[in-house]
Amino acid sequence: MTLNRRMLMLLAAGGSLALMLGALAFQHIGGLPPCKLCIWQRYPHVVAIAIGAVALRFGNATLAWLGALAAFATAAVGAYHTGVERGWWEGPTTCTAGPIGGLSTDELFDQIMSAPLVRCDEVPWEMFGLSMASWNMVISLVLMALWIAAARKPA
């Protein structure tokens, strides 16, 4: 069975919907509140879901390329977040802990008191050695491939 452009687009948008529902389940059922970078990863999924809804009516290649861009955007944020979690680079100062070397007791106390409730540089959950951010990146790259396949399909 060969999938047409519209079906591929709906499959890709459905993947974003599934990831969003999973993230919300982890947050509200699993008790794992999202950090700032987790929230940033959600925005492109919402855009991809909206593109999928529009694709129900207009299933053109431009929408598919926009969906691919949305999937790439969330994958890129997921890659960045993975690097922050693994300590490969610094994350946003509003999301990660700063260095404590050379701080006075008062400065250290101020840093602790202003620390975010949910840090981006800690991994609250992982499976097969990959964090949620890493899984989002991997799955979003697959979704991007679906969007690209849809864009390349004849109408």
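Residues numbered from 1 in each chain as written. Predicted model: local features only at pLDDT ≥ 70, side-chain atom pairs only at ≥ 80, totals over all residues. Heavy atoms only, no water.

Trainee: Looking at this model, I keep getting lost on the environment of Trp147. Mind explaining?
Mentor: Residue placement: Trp147 occurs in helix H5 (residues 132-152). On the accessibility criterion, Trp147 (0% relative accessible area) is buried. Apart from residues no more than four positions distant in its own chain, Trp147 is found in contact with Met9, Ala12, Ala13, Ala48, Ile51, Gly52, Leu63, Ala64, Gly67, Ala68 and Ala71. (Helix = DSSP H or I, 4+ residues; strand = E, 2+ residues; numbered from the N terminus. Buried < 20%, exposed > 50% of the residue type's maximum accessible area, 1.4 Å probe, protein only. Contact = heavy atoms within 4.5 Å.)

Trainee: Got a minute to help me understand the side chain of His45 in this structure?
Mentor: By secondary structure assignment, the location of His45 is in helix H2 (residues 36-55). Overall, the relative accessible area of 4% leaves His45 in the buried class. Of note is the side chain of His45, whose polar atom sits 2.7 Å from the side chain of Asn136. Apart from residues lying up to four places away in sequence, His45 is in contact with Ser16, Leu19, Met20, Thr74, Asn136, Ser140 and Leu143. (Polar contact = N/O pair within 3.5 Å; in protein donor to acceptor, adjacent residues only side chain to side chain.)

Trainee: Help me understand H2, please; the structure alone is not making it clear to me.
Mentor: Over its 20 residues, H2 runs 30 Å from end to end, which matches the ideal 28 Å to within 8%, given 1.5 Å per residue. Those residues of H2 not exposed but buried are Leu37, Gln41, Arg42, Pro44, His45, Ala48, Ile51, Gly52 and Ala55. Each element contacted by the buried residues of H2 is listed here: helix H1 (5-28), helix H3 (61-85) and H5. (Expected span 1.5 Å × (residues − 1).)

Trainee: So what exactly am I meant to see when it comes to H5 here?
Mentor: Since one α-helical turn is 3.6 residues long, residues separated by three or four positions face the same way. Over its 21 residues, H5 extends 30 Å from the first C-alpha to the last, a length consistent with the 30 Å expected when each residue adds 1.5 Å. Every buried residue of H5 is accounted for by Ala133, Ser134, Asn136, Ser140, Leu143, Met144, Trp147, Ala150 and Ala151. Tucked into the core, H5 has its buried residues touching H1, H2, H3 and strand S2 (130-131).

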